[in-house]
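Fold and contact review
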Amino acid sequence: AQSVAQPEDQVNVAEGNPLTVKCTYSVSGNPYLFWYVQYPNRGLQFLLKYITGDNLVKGSYGFEAEFNKSQTSFHLKKPSALVSDSALYFCAVRDGRDSNYQLIWGAGTKLIIKP
Amino acid sequence: ETGVTQTPRHLVMGMTNKKSLKCEQHLGHNAMYWYKQSAKKPLELMFVYNFKEQTENNSVPSRFSPECPNSSHLFLHLHTLQPEDSALYLCASSQESGLTPGELFFGEGSRLTVL
C-alpha cells in the first residue's frame, strides 16, 4: 500500500541550529516527492520536489531535501533555522506509475523554532 | 489578482442549510482540486478536475457536490452536512503535462463549521 510517514508530530529547534523534518514513503513505482509548508491560517505553499536526477534538491527559503532510495526517505533540512520557519510541514508522494493525480500526504510535522 | 482565491474564508452553517464554496485560479492551470484538511490528519483529496473533466472522486458523500464550469473556476456545493464535516476546505490548482507532476498552488482555504 502507498503511504507517507512523518514520524514526529512536533520538532523543536533553537534559532540558528540546523533542522531536520523526517519523511519516509512507500510506493510501488518510482516516487515523485514533495514538501509543502503551511503557516497559521493559510493554505499550503510548495517548497521543493524530487522528480529525478540529483538526490539533493534545493527549494524555497533555504530549505533542501535529500532523496534516499535505499531508506525510502526524503528528509527536509535547513542549515540554520529562523523563527519565521515555525510552521506546519507536509511531505507528499505520488507514484510515478500512476496516471491519476493522487498525492499521498503525511499527517504533518509542526516545526517550532525558539529564539 | 494572482494565485488561487477562495471565498468565503469562513462559513458557519446548520445541517439543513445549502451553501457553496468558490475557488478561482488566475494561473492558467489545467487541473483543479478540492481537499479536506482536518487537524493532525493527512490531507484528503476529494475531487480533481482536469480540463474541466472530473477525473477523481474519492468516495466523497453525495452531500458534497463539485462543479467546474470552466478551467478557472471550481465550486463545492454543500447541503445537509454533518458536524463531522467541519474542517478547512482547500482548493488547489496545478499544470499537468502528463509527463511529470506539477506542484500544487493552494488557496488560503474556507473554514467550515457545521452546527
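Above: the structure in question.
Described in the following lines is the structure provided in the data block. Note that the structure is predicted; figures quoted are calculated from it, not measured.

Within the largest apolar cluster, 28 residues are counted, with the highest numbers of intra-cluster contacts made by Leu19, Trp35, Leu47, Leu48, Phe74, Leu76 and Tyr89 of chain A. Of all the elements in the fold, those that place two or more residues in this core are strand 2 (10-14), strand 3 (19-21), strand 5 (31-38), strand 6 (44-50), strand 8 (64-68), strand 9 (73-78), strand 10 (87-95) and strand 12 (109-114) of chain A. Ranked by the residues each element gives to this core, the list is headed by strand 10 of chain A, at four residues. In terms of nonpolar packing, the next biggest core, distinct from the first, is built from 22 residues, Trp34, Val60, Phe64 and Leu74 of chain B among them.

One pass over the full model with this rule turns up two disulfides over all chains. Here Cys23 of chain A is linked by a disulfide to Cys91 of chain A, with a sulfur-sulfur distance of 2.0 Å. Across the S-S bond linking Cys23 of chain A and Cys91 of chain A, the dihedral sits near -65°, which makes this disulfide left-handed. With Cys23 of chain A in the loop between strand 3 and strand 4 (24-26) and Cys91 of chain A in strand 10, this residue pair connects regions lying 68 residues apart in the sequence. Residues Cys23 of chain A and Cys91 of chain A agree in their burial class; the two are buried. With its sulfur 1.9 Å from that of its partner, Cys23 of chain B forms a disulfide with Cys91 of chain B. Between Cys23 of chain B and Cys91 of chain B the sulfur-sulfur dihedral comes to about -75°; the bridge is accordingly left-handed. Note that Cys23 of chain B is positioned in strand 3 (residues 18-25) and Cys91 of chain B in strand 9 (residues 87-94), a separation of 68 residues in sequence. Across the pair, exposure class does not vary: Cys23 of chain B and Cys91 of chain B are buried alike.

Moving on, we get to the interface of chain A and chain B. Interface size is commonly expressed as the accessible area that is lost once the parts come together. At the junction of the two partners, chain A supplies 21 residues and chain B supplies 26 residues. Between chain A and chain B, the buried area comes to about 1900 Å², and carbon and sulfur atoms account for 55% of it. The largest share of the area that chain A buries against chain B comes from Leu44, Tyr101 and Trp105 of chain A, three residues that together contribute 35% of it. Here chain A is connected to chain B by three salt bridges. The residue Arg42 of chain A makes a salt bridge to Glu108 of chain B at a minimum N-O spacing of 2.6 Å. At the surface where chain A touches chain B, the tally comes to eight residue pairs in polar contact (both at pLDDT 80 or more).

It is worth spelling out the packing of aromatic side chains at this point. Applying the stated rule across the entire model yields 13 aromatic pairs over all chains. Taking the centre distance of 5.8 Å and the plane angle of 85° together, the rings of Tyr36 of chain A and Phe106 of chain B count as edge-to-face. Within this pair, whereas Tyr36 of chain A is found in strand 5, its partner Phe106 of chain B is found in strand 10 (residues 105-106), the two belonging to separate chains. Residue Tyr36 of chain A is classed as buried on the basis of its relative accessible area of 0%. Accessibility expressed as a relative area gives 10% for Phe106 of chain B, which makes it buried. Seen in terms of ring centroids, Phe64 of chain B and Tyr89 of chain B are 5.8 Å apart; in terms of plane orientation they differ by 35°. Their pairing is tilted.

About the thresholds
- Residues numbered from 1 in each chain as written.
- Chains lettered and ligands numbered in written order.
- Predicted model: local features only at pLDDT ≥ 70, side-chain atom pairs only at ≥ 80, totals over all residues.
- Heavy atoms only, no water.
- Core = buried A, V, L, I, M, F, W, Y, C linked by side-chain atoms within 4.5 Å.
- Buried < 20%, exposed > 50% of the residue type's maximum accessible area, 1.4 Å probe, protein only.
- Helix = DSSP H or I, 4+ residues; strand = E, 2+ residues; numbered from the N terminus.
- Disulfide = S-S within 2.5 Å.
- Contact = heavy atoms within 4.5 Å.
- Buried area = accessible area lost by both parts, 1.4 Å probe.
- Salt bridge = Lys/Arg side-chain N within 4 Å of Asp/Glu carboxyl O.
- Polar contact = N/O pair within 3.5 Å; in protein donor to acceptor, adjacent residues only side chain to side chain.
- Phe/Tyr/Trp six-rings, centres within 6.5 Å; stacked < 30°, edge-to-face > 60°.

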